[in-house]
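Secondary and tertiary structure notes
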Amino acid sequence: MEWYRKDLAYIHDVGHNDYALKSAPGILSILAKHNIHDGLIVDLGCGSGLSALEFTAARYRVLGIDISESMVALARTRVPNAEFRVESLFEADIPDCHAVVSIGECLNYLFDPNNTRTKLIQLFQRVYNALAPAGVFIFDVAEPGQVAQGTITKSFTEGEDWIVLVEKQEEQTVLTRRIITLRKLKEHQEEHYRRDDEVHRLRLYEATEVAEQLRQVGFQVQVMRCYGNYDLPKAHAAFVACKLPNDERI
Ligand SMILES: C[S@@+](CC[C@H](N)C(=O)[O-])C[C@H]1O[C@@H](n2cnc3c(N)ncnc32)[C@H](O)[C@@H]1O
């Protein structure tokens, strides 16, 4: 079973690129404010490399990690001068770096069966250990409240050669998105739509809970509802978790 397979990866790249593209200027200014002007950024859940392209254009080096082969294939084509790995961010080695980012609720996904609350705290610790003193971890999560409890919402979005239908339901703190993709293809002069189905489950985290866990690991934490001028969608929180400059534990 693979997620963000070929058609959903394509549709996310061409039709749902707002989050990555509009958050990039805000993220770059957070890095500058923390005096991080070069060095390595590790992008966890890098998707199709939209953020990686912005970071390399600003002269950072980038290592992108994503569980989806199709996403990573797009990223490698888009940003040939960055490095990408197909791996779970909950398992991957995080090399010494100046910043770690994770944009677009990547930490919420339950694709990796090892994504437990304990694994999330271990991830915070691994990021902390990998960061240079005064390094930053910038990421966002989806919180409970995506959909009213007990209701199911259905919506669709379309582009030139694709349609995506999404059904959402939130039970306790798990959001289930049932996704149908339709991609227009032309074969032997005839057009048809190829269908694919994916089910994504996300564990939703309260911002206060996440901030507390980051503090316990040793980070200084700021919780935000935007990246610069880009306001996050409803019930999303972003974090700037900073390792203190005098921490020499790496
Ligand atoms: C909503 S997309 C965001 C992609 C990209 N950061 C962006 O903003 O365009 C979420 C991404 O997280 C990745 N992902 C989810 N769980 C993951 C895991 N355990 N390890 C690595 N990547 C994961 C998915 O494959 C997908 O590319």
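Here's what I pulled together on the structure shown here.

For the rest of this paragraph, the subject is the site of the ligand. Around the ligand, the structure places 21 residues, and the nearest of them are Gly45, Asp66, Ile67, Leu89 and Ile103. In the environment of the ligand, a nitrogen atom lies 2.7 Å from a nitrogen or oxygen atom belonging to the backbone of Ile103. Protein coverage of the free-state accessible area of the ligand, which is 590 Å², stands at 97%. Residue composition of the shell around the ligand, grouped by class: 12 nonpolar, six polar and three charged.

A few words now on the environment of Leu165. As for its placement among the helices and strands, Leu165 is situated in strand 7 (residues 162–171). Residue classification places Leu165 among the partly exposed residues on the basis of a relative accessible area of 31%. Each C-alpha atom of the pair Leu165 and Ile179 lies 5.7 Å from the other, and the pair is 14 residues apart in sequence. Not counting residues within four places of it along the chain, the set of residues in contact with Leu165 comprises Ser155, Phe156, Arg178, Ile179 and Ile180.

This part is about the packing of aromatic side chains. For the structure on display, the rule yields 11 aromatic pairs. The interplanar angle of 40° and the centroid separation of 5.7 Å between the aromatic rings of Phe124 and Phe139 together place this pair among those described as tilted. Within this pair, whereas Phe124 is found in helix 5 (residues 117–130), its partner Phe139 is found in strand 5 (residues 131–142), the two being separated by 15 residues in sequence. Accessibility expressed as a relative area gives 0% for Phe139, which makes it buried. Between Tyr128 and Phe219, the ring centres sit 4.9 Å apart and the planes meet at 80°, which makes this aromatic pair edge-to-face. Here Tyr128, found in helix 5, pairs with Phe219, found in the loop between helix 6 (207–217) and strand 10 (220–224); they are 91 residues apart in sequence, far enough to count as distant. The pair Tyr128 / Phe219 is uniform in exposure class, with both members buried. Taken together through their ring pairs, the aromatic side chains of Phe124, Tyr128, Phe137, Phe139, Phe219 and Phe239 make up a single cluster. Across from the ring centre of Tyr10, 3.8 Å away, lies the NZ or CZ of Arg183, which sits over that ring.

With that settled, consider the sheet that holds strand 9 (residues 190–203). Ordered by their spatial adjacency, four strands build an open sheet running 6-7-8-9, and the pairing between neighbours is antiparallel. For this open sheet the edge positions go to strand 6 (152–159) and strand 9, each flanked by a neighbour on one side alone. Looking at each pair of strands side by side, their axes are set apart by 15° on average, direction ignored. Where strand 8 (residues 174–187) and strand 9 come together, 14 bridges link them in antiparallel fashion. Note that in strand 9 the partner of Thr176 across the bridge is Arg201. Those strands touched by helix 1 (residues 6–15) are strand 7, strand 8 and strand 9, and its axis lies near 95° from that of strand 8.

Across the sheet, seven strands lie side by side as 3-2-1-4-5-13-10; this open sheet has mixed pairing. Edge strands, defined here as strands with exactly one partner in the open sheet, are strand 3 (83–86) and strand 10. Averaged over all pairs of adjacent strands, the angle between strand axes in this sheet comes to 15°, irrespective of strand direction. Looking at chain direction, strand 2 (residues 61–66) and strand 3 are connected through four bridges and run parallel. Bridging across to strand 3, Leu63 finds its partner in Glu83. The strands touched by helix 5 are strand 1 (40–44), strand 4 (97–102) and strand 5; relative to strand 5, the strand with the most contacts, the crossing angle is about 150°. Docked against the sheet, helix 6 engages strand 5, strand 10 and strand 13 (236–242), running at close to 10° with respect to strand 13.

We now examine the packing of helix 2 (residues 18–33) against helix 3 (residues 50–57). At a closest axis distance of 9 Å, the pairing of helix 2 and helix 3 adopts a crossing angle of 35°. Crossing of helix 2 over helix 3 shows right-handed handedness. Only Leu50, Ser51, Glu54 and Phe55 of helix 3 make contact with helix 2, whose side of the interface consists of Ala20, Leu21, Ala24, Ile27 and Leu28. Tallied by class, residues from the contact of helix 2 with helix 3 come to seven nonpolar, one polar and one charged.

Calculation notes
- Residues numbered from 1 in each chain as written.
- Predicted model: local features only at pLDDT ≥ 70, side-chain atom pairs only at ≥ 80, totals over all residues.
- Heavy atoms only, no water.
- Near = heavy atom within 4 Å.
- Polar contact = N/O pair within 3.5 Å; in protein donor to acceptor, adjacent residues only side chain to side chain.
- Areas by Shrake-Rupley, 256 points an atom, 1.4 Å probe, with all protein chains shown as cover.
- Nonpolar A, V, L, I, M, F, W, Y, C, P; charged D, E, K, R; others polar.
- Helix = DSSP H or I, 4+ residues; strand = E, 2+ residues; numbered from the N terminus.
- Buried < 20%, exposed > 50% of the residue type's maximum accessible area, 1.4 Å probe, protein only.
- Contact = heavy atoms within 4.5 Å.
- Phe/Tyr/Trp six-rings, centres within 6.5 Å; stacked < 30°, edge-to-face > 60°.
- Lys NZ or Arg CZ within 6 Å of the ring centre and 35° of its normal.
- Pairing = 2+ DSSP bridges.
- Axes fitted to C-alpha atoms, helices over the stretch in contact; angles between N-to-C directions.
- Left-handed = near helix turned anticlockwise from the far one by under 90°.

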